Amino acid sequence: MTRPRATTLAHGLVLGLMVLEACAGAPSLGPVAVELTVPPPAAAPVPPPPVLGPSLDASFDSRPEILLASDAAATTPPDGRAPLSACNEQPPQDFLVRSNFLRAPDGNGRSIQYRTDTYGSVPGFGHPGAGALPARGSVVTTTFMGLPVRMHKKVVPALRCVEEEIKVTCGEHPYTAHALAGVRFNNTYRGGEVTNHMFGIAIDIDPAINTCCGCVKPWSSSPLCARKAKTEYDRMAMPECWVHAFERYGFYWLGHDVLRDTMHYEFLGDPAKIQRSATVVGGGDGG
Ligand SMILES: [Zn+2]
């Protein structure tokens with residue numbers, strides 16, 4: 001088990017919270033702590049947005065990019081918004097689900113190779129083919145529920161499908177997200193796994209209030225984790241309805257995992273099947 005390290009955010013955003021994000025990190029040797037700075041609530045004074053992309057300072061490496069609602073106006077809205085009717089429902093692919101591949105012979109290796117072939121390479125993992133591009137080169141800024149987030153371009157249409165689903169089906173369970181975290185450039189797993197955040201196919205929603213009770217302290221010591229509850233749904237701020245909306249379009253919720261990482265969704269579906277027609281929306285498998 002790795003102890004959390006403390007760092008300071010250059011723009012003074014740090015709230016001092018140490019987030020163990022399983023999404024983040026929990027290997028065969030146990031969960032790994034990951035620092036995650038959490039932005040203040042929307043009403044708080046908003047500092048400058050973090051530096052993104054290749055210019056990321058090394059000290060930011062182990063931190064996913066978290067963008068604030070106020071950054072939305074400065075980002076480019078995603079193109080090709082598709083009507084919900086264009087979205088295919090699909091389940092996560094079984095061999096990519098963490099609890100499955102950790103049990104299978106070379107299951108982790110197979111999952112890494114699939115992700116490398118499908119989304120691009122991450123340094124030090126998988127066997128990229130000749131001319132293979134790094135996954136980070138396919139990361140784009142998009143929005144989800146009005147918030148900016150940086151994700152792999154192939155999963156942007158799936159996020160759009162989830163967003164439309166939430167708007168249609170979750171009206172009775174209103175929830176406003178304040179912070180999202182998408183791509184990150186350092187692996188926060190140990191023991192040979194690779195976080196889906198490195199491929200740009202995972203998204204965390206409000207890490208400060210959606211728990212990770214299977215992680216190390218302080219996350220496992222959240223009062224919500226001690227609460228008497230029937231399911232993990234009762235230990236987070238996000239409505240269960242959101243989980244079902246994500247799951248309908250190929251995302252896996254890590255709240256189901258032993259890590260109980262309720263903030264985290266990862267796209268484990270087939271990106272070529274997100275939409276009914278490949279010609280409807282850009283950002284699919286075209287590049
Ligand atoms: Zn995550």
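By convention here, each chain's residues receive numbers from 1 onward along its written sequence. Totals for whole chains, interfaces and linings use every residue, but because this is a predicted model, local features are given only for residues with pLDDT of at least 70 and side-chain atom pairs only at 80 or more, for both listing and counting.

S.K.: Would you explain the overall build of the protein in this entry?
M.R.: Broken down by element type, the protein carries six helices and seven strands. Each helix corresponds to a stretch of at least 4 residues labelled H or I by DSSP, and each strand to a stretch of at least 2 residues labelled E; elements are numbered beginning at the N terminus. Order of helices (α) and strands (β) in the protein, N terminus to C terminus: β-α-α-β-β-α-β-α-β-α-α-β-β. Think of it as a crowd count around each C-beta: if 20 or more other C-beta atoms lie within 10 Å the residue is buried, if 12 or fewer it is exposed, and in between it is partly exposed, with C-beta placed from the backbone throughout. The buried share of the protein, reckoned over its 287 residues, is 47%. In the protein, the share of contacts with a sequence separation of at least 24, taken over all contacts with a separation of at least 6, comes to 68%. Once C-beta atoms are placed from the backbone, any two residues with those atoms within 7 Å are in contact.

S.K.: Sorry if this is basic, but what is going on with unusual backbone geometry here?
M.R.: In terms of backbone geometry, most residues other than glycine have negative phi values and most peptide bonds are trans. A positive phi angle, close to 55°, is found at D106, a residue other than glycine. Inspection of the secondary structure assignment puts D106 in the loop between helix 1 (98–101) and helix 2 (107–119). What makes D106 exposed here is the crowd of 10 C-beta atoms within 10 Å. Phi at R260 takes a positive value of approximately 55°, unusual for a residue other than glycine. Looking at the secondary structure, you find R260 in the loop between strand 6 (251–253) and strand 7 (264–267).

S.K.: Explain the nonpolar core here, please?
M.R.: Most often, soluble globular proteins have nonpolar side chains that are buried together. M151, A158, V162, L180, I203, F246 and F251 are the most contacted members of the largest nonpolar core, which totals 53 residues. With six residues, helix 3 (residues 156–169) is the single largest residue contributor to this core. Setting aside chain neighbours within four positions, we find I203 in contact with F144, V149, M151, L180, G182 and Y265. By definition, a nonpolar core groups buried Ala, Val, Leu, Ile, Met, Phe, Trp, Tyr and Cys residues that are joined through C-beta atoms within 7 Å.

S.K.: I keep staring at helix 3 and nothing clicks. Help me out?
M.R.: Given 3.6 residues to a turn, an α-helix orients residues that are three or four positions apart in the same direction. Here, expected helix span is obtained from the residue count minus one, scaled by 1.5 Å. Taking 1.5 Å as the rise per residue, helix 3 with 14 residues should run 20 Å; its terminal C-alpha atoms sit 20 Å apart, in good agreement. Among the residues of helix 3, those classed as buried are V156, P157, A158, L159, R160, C161, V162, E165 and I166. On its buried side, helix 3 packs onto strand 2 (139–144), strand 3 (147–152), helix 6 (240–248), strand 6 and strand 7.

S.K.: What should I look at first to understand the confidence of the model for the protein in this one?
M.R.: Residues shown with low pLDDT carry predicted positions that ought not to be read at fine detail. Chain-level statistics for the protein give a pLDDT mean of 76 and a share of 67% at 70 or above. What pLDDT expresses is the predictor's confidence in each residue, scored from 0 to 100. Ignoring residues within four places in sequence, the model shows residues 1–63, a span with pLDDT below 50, making 137 contacts including any to other chains. Low confidence marks residues 70–82, where pLDDT is under 50. Its contacts with residues over four positions away, or in another chain, come to 27 contacts.

S.K.: Would you take a moment to explain the packing of helix 3 against helix 6 for this structure?
M.R.: Axis geometry follows a simple rule: fit a line to the C-alpha atoms, using only the stretch in contact for helices, then measure angles between N-to-C directions, giving values from 0 to 180 degrees. Orientation of helix 3 relative to helix 6, taken along the N-to-C sense of each, is 140°, at an axis distance of 9 Å. Compared by their axis directions, helix 3 and helix 6 come out oblique. As for the relative orientation of helix 3 and helix 6, their crossing is right-handed in sense. Counted together, V162, E165, I166 and T169 of helix 3 and C241, W242, A245, F246 and R248 of helix 6 form the full contact between these two elements. Class assignment of the residues belonging to the contact of helix 3 with helix 6 gives a composition of six nonpolar, one polar and two charged. To sort the angles, those under 35 degrees are grouped as roughly parallel, those over 145 as roughly antiparallel, those from 65 to 115 as roughly perpendicular, and the leftovers as oblique. Should the near helix be turned anticlockwise from the far one by less than a right angle, the crossing is left-handed, and should it be turned clockwise, the crossing is right-handed. Under this grouping Gly is polar, as are all residues other than the nonpolar Ala, Val, Leu, Ile, Met, Phe, Trp, Tyr, Cys and Pro and the charged Asp, Glu, Lys and Arg.

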